[in-house]
Amino acid sequence: MPIIYFMAPYSASATALGAGPVVEPRDIDLGALEELAKTAIGQMAYDYYAGGAEDGGLVQENIAGWGQWNLSPKVLVDVSTISTRTKLLGSDVMGPIVVAPTALHAMATPGAERDTARACARAGAMMTLSSLSNAPLDEVAEAGGGAPQWMQVYILKDRGRTKEMVEQVAAAGYKALLLTVDAPVSGLRYQELRGGVSLRDDLELPNLTDASTTRVKGEGFMAAVCQEFDPSITYDDIAWLSELSHLPVLAKGVTRSDDAVKCLDAGAAGVVVSNHGGRQLRDAPAPATVLPEIAESLTGRGTLLVDGGIRRPADVLKALALGADGVLIGRPALWALGSGGEDGLVALLEWFTLELRRVMALCGVRSLQEIDTTLVRRKVPS
Ligand SMILES: Cc1cc2nc3c(=O)[nH]c(=O)nc-3n(C[C@H](O)[C@H](O)[C@H](O)COP(=O)(O)O)c2cc1C
């Protein structure tokens, strides 16, 4: 029986998580965690969380993408202490692992996104709140107790409602906006359609209007997204959001280097290389395959993040070696919340950070600044 994650917390303080020697090994079996979560949250929530576009194949391709790279370790470096600490858009974090914006945390944990916020604050990790959250954004900010948080934005056809939400986000103290740019319409998700996924009657989507929430309850997410989200958004909307909020805006969902450059030229503070966890365009490339060319085209301009299929601490190091400043994790955080609530997510984030230390030590790097492209090599096809 694998130890899944219920082990003593590493330290009472998040700060200690960010630096120190390699400590005793942690064993988290993400497959077992997913199974536990599935049993705990039920089939409908599982279908919503797990599903990808069409046959779901891109979800697996995203994971496999990181496996196309080997790590090329340096030896004879003094690695008696390792630091995973970094700054993301000016905020201090204990490691480069950010919790991705994912909708509907009330289906995973009773405190919904408040639990996520508390867990991230305890682990010193950046949290990104989805605009399809069940908990109100000011309550999530309060639950985080002043820890830095980001907010993801979908621009709605109802621009007035979007403006109101963005102003609330800025007033509540969020540090950045992630504008999702890969969802002008919903992807075609068979698992969601066939599972009859819709919003449970007792749940709310406080960032949408009441009419939109009712529509999601009646017609399901895919239909509602097509009716509510503005498919006419363009590069000009990056400036619109930053003027409204006075916050840095990251464009989330970029998979081409020309688009990445255009986003920065349009005023974005950075981009998130992402295909929405394989939920939108079935044939989009796996982020691990396009990250290097996007990093090259940005030549160090802006903040570069990546998500999709990050499942192992080694994936984090590969992403950083390929040019990212940080990574986002989506489904693993949902499985941790679903199986263990706030404590489960703390354990997952601690595991990622502490075991990243081990991978760094084995690669002969002591800080994130020492991670460079010489540490990765494309695997020779067998
Ligand atoms: C259940 C679920 C809901 C999501 N909801 C959102 C969302 O509301 N906004 C958004 O920008 N991305 C959303 N995403 C995409 C994630 O932010 C992220 O890009 C993706 O999950 C990363 O891939 P991973 O799950 O393989 O880690 C969602 C993903 C999942 C799995």
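Residues numbered from 1 in each chain as written. Predicted model: local features only at pLDDT ≥ 70, side-chain atom pairs only at ≥ 80, totals over all residues.

1. Here we look at the overall build of the protein chain
Consideration 1: Across its full length, the protein chain carries 15 helices and 14 strands.
Consideration 2: For the protein chain, whose C-alpha radius of gyration is 19 Å, the value lies close to the compact-globule estimate of 21 Å for 382 residues.
Consideration 3: A total of 382 residues make up the protein chain; the buried ones form 55% of that total.
Consideration 4: Long-range pairs, those at least 24 residues apart, make up 75% of the contacts in the protein chain with a sequence separation of at least 6. (Helix = DSSP H or I, 4+ residues; strand = E, 2+ residues; numbered from the N terminus. Rg over C-alpha atoms; globule rule 2.2 N^0.38 Å. Buried ≥ 20, exposed ≤ 12 C-beta atoms within 10 Å, placed from the backbone. Contact = placed C-beta atoms within 7 Å.)

2. Considering helix H5 (residues 113-123)
Consideration 1: With 11 of 11 residues buried, H5 lies mostly within the body of the structure.
Consideration 2: Trailing H5 by a residue or two, Gly-124 shows a phi angle of about 65 degrees, which is positive.

3. A look at the pairing of strand E10 (residues 249-254)
Consideration 1: For E10, the buried fraction is high: six of the six residues fall into the buried class.
Consideration 2: As paired strands, strand E9 (residues 176-180) and E10 are joined by four bridges and run parallel to one another. If you follow Thr-180 over to E10, its bridge partner there is Lys-252.
Consideration 3: In this sheet, strand E11 (residues 270-273) lies alongside E10 in parallel orientation, the contact comprising four bridges. For Ala-251, the partnering residue across the bridge sits in E11 and is Val-271.
Consideration 4: In the classification by handedness, the crossover that spans E10, the intervening helix H12 (residues 257-265) and the parallel E11 is right-handed. (Pairing = 2+ DSSP bridges. Right-handed = clockwise from strand over helix to strand, strands pointing away.)

4. Concerning the site of the ligand
Consideration 1: Around the ligand there are 24 residues in total, and Ala-100, Ser-130, Gly-277, Gly-330 and Arg-331 lie nearest to it.
Consideration 2: For the shell around the ligand, the secondary-structure elements that each account for two or more residues are helix H3 (43-50) and strand E13 (326-329).
Consideration 3: Here the shell around the ligand is composed, by residue class, of nine nonpolar, 11 polar and four charged. (Near = placed C-beta within 6 Å. Nonpolar A, V, L, I, M, F, W, Y, C, P; charged D, E, K, R; others polar.)

5. Notes on the pairing of E9
On any regular strand, side chains alternate: one points to one face of the sheet, the next to the other face.
Consideration 1: The buried count for E9 comes to five of five residues, which makes it a mostly enclosed element.
Consideration 2: Burial along E9 is two-sided: Ala-176, Leu-178 and Thr-180 facing one way and Leu-177 and Leu-179 facing the other are all buried.
Consideration 3: The sheet contact formed by strand E8 (residues 149-153) and E9 spans four bridges and is parallel. Across the sheet, the residue bridging to Val-153 is Leu-179, located in E9.

6. Structural notes on the nonpolar core
Consideration 1: Ala-125, Leu-317 and Val-327 are the most contacted members of the largest nonpolar core, which totals 122 residues.
Consideration 2: Per element, the largest residue contribution to this core is 17 residues, and it comes from helix H15 (residues 331-363). (Core = buried A, V, L, I, M, F, W, Y, C linked by C-beta atoms within 7 Å.)

7. So, the packing of helix H14 (residues 313-321) against H15
Consideration 1: Between H14 and H15, the least distance of the axes is 8 Å, while the angle of their chain directions is 60 degrees. If you check the angle between H14 and H15, you find them oblique. The handedness of the crossing between H14 and H15 comes out as right-handed. In contact with Pro-313, Ala-314, Val-316 and Leu-317 of H14, H15 contributes Phe-352, Glu-355, Leu-356, Val-359, Met-360 and Cys-363. (Axes fitted to C-alpha atoms, helices over the stretch in contact; angles between N-to-C directions. Parallel < 35°, antiparallel > 145°, perpendicular 65-115°, else oblique. Left-handed = near helix turned anticlockwise from the far one by under 90°.)

8. Side note on unusual backbone geometry
Consideration 1: Of note, the phi angle at His-246 is positive, near 55 degrees, even though the residue is not glycine.
Consideration 2: Position of His-246 among the secondary structure elements: in the loop between helix H11 (236-245) and E10.
Consideration 3: The exposure class assigned to His-246 is exposed, which follows from the 7 C-beta atoms found within 10 Å.
Consideration 4: The backbone phi angle of His-276 is positive, close to 65 degrees, even though this residue is not glycine.
Consideration 5: Of note, His-276 is situated in the loop between E11 and helix H13 (287-298).

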